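Structural overview
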Amino acid sequence: MAFNEIATRPNKTVYRDGDLCLKVFAADYKKSDIFNEVLNQTRVEETGLFVPKVHEVKRLDDGRLAIVMDYVEGKSLAKLMEEDPKRHNEYILRLIDIQLSMHKLTAPELNKQRMKFARKIELSGLDATTRYELHLRLDGMPKHNKLCHGDFNPSNVIITNDDKACVIDWSHATIGNASADTARTYLLFKLDGDDKTAEFYLNNFCKKSDTALQYVQNWLPIVAASQMVKGREHEREMLAKWADVCQYD
């Protein structure tokens, strides 16, 4: 392929082709997941949030499927933090502001966060008693219809050359409770071993949104159980501890 490779992830590679971006999936990647991602992103497009515009799904000469969308010129917040560590906290505060603006929106046709969590709890591999307690907790959490990214982290925010924020990678998008989305971002920092950033992020998110810290923490066992479905053995022990509902009672 003659395109310029710009990012590589397990089972997918992103290329630039002029003003377009091609997200190319491995040959064995589930077709339904590819089209679900396209559907998610186009529904988020309709909210007015700045996301790359999707043009088509095409089959390449080697048989792989690719999502074709606009290429957004800029750098990820993760890259900016790496290049200028003195502004680290400033960039995390901006990440929070972007997330809060996203949570003001809704996209009623997206999948329901609650249903996704319930399904993943069952697939988590946790014992029946723990799964039962997690379902009880999930059922008792407030029901909202806010736009939730599901994988919101500095790598998924592009800051353009004119300082606009573009949010990418909508494969996990749902509508649901914003604090669950917040708990997920916090968990991602923790899994990356960046405890300091995790605590700075969570404390400032709660201040900016006037959300009780304990309320976000109540989502952590549910979010941790859902993460276990990814099957990453090096994360499993840590996630199992977080999935213990007694820890946050």
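These notes cover the structure that comes with them. None of the values given here were measured: they were computed from a predicted structure.

Some points on the overall build of the protein
In terms of helices and strands, the protein carries 10 helices and 10 strands. Taking 2.2 N^0.38 as the reference for a compact globule, 249 residues should give roughly 18 Å; the C-alpha atoms of the protein span a radius of gyration of 18 Å, in line with that estimate. Projected onto its principal axes, the C-alpha coordinates of the protein cover approximately 55 × 40 × 35 Å. Across the 249 residues in the protein, those meeting the buried criterion constitute 46%. Once local pairs closer than 6 in sequence are excluded, the contacts in the protein between residues at least 24 apart make up 65%.

Points about the environment of Phe-35
In this structure, Phe-35 sits in helix α1 (residues 31-45). Under the relative-accessibility criterion, Phe-35 is labelled partly exposed at 42%. Remark: the alpha-carbon pair of Phe-35 and Ala-7, spanning 28 residues in sequence, is separated by 20 Å.

Focus: the pattern of salt bridges
Summed over the entire model, instances satisfying the criterion amount to 15 salt bridges. The partner of Asp-62 in a salt bridge is Arg-64, and the shortest N-O contact between them spans 2.9 Å. Each of Lys-23, Glu-37 and Asp-169 takes part in one network of salt bridges that share partners.

Details of the environment of Phe-152
Here Phe-152 lies in the loop between β7 (146-148) and β8 (157-160). Phe-152 sits 57 residues away from Leu-95 along the chain, and the two C-alpha atoms are 8.9 Å apart. In contact with Phe-152, not counting residues within four places along its chain, are Leu-95, Ile-98, Gln-99, Met-102, Val-157, Val-167, Thr-185 and Leu-188.

Rules used throughout
- Residues numbered from 1 in each chain as written.
- Predicted model: local features only at pLDDT ≥ 70, side-chain atom pairs only at ≥ 80, totals over all residues.
- Heavy atoms only, no water.
- Helix = DSSP H or I, 4+ residues; strand = E, 2+ residues; numbered from the N terminus.
- Rg over C-alpha atoms; globule rule 2.2 N^0.38 Å.
- Buried < 20%, exposed > 50% of the residue type's maximum accessible area, 1.4 Å probe, protein only.
- Contact = heavy atoms within 4.5 Å.
- Salt bridge = Lys/Arg side-chain N within 4 Å of Asp/Glu carboxyl O.

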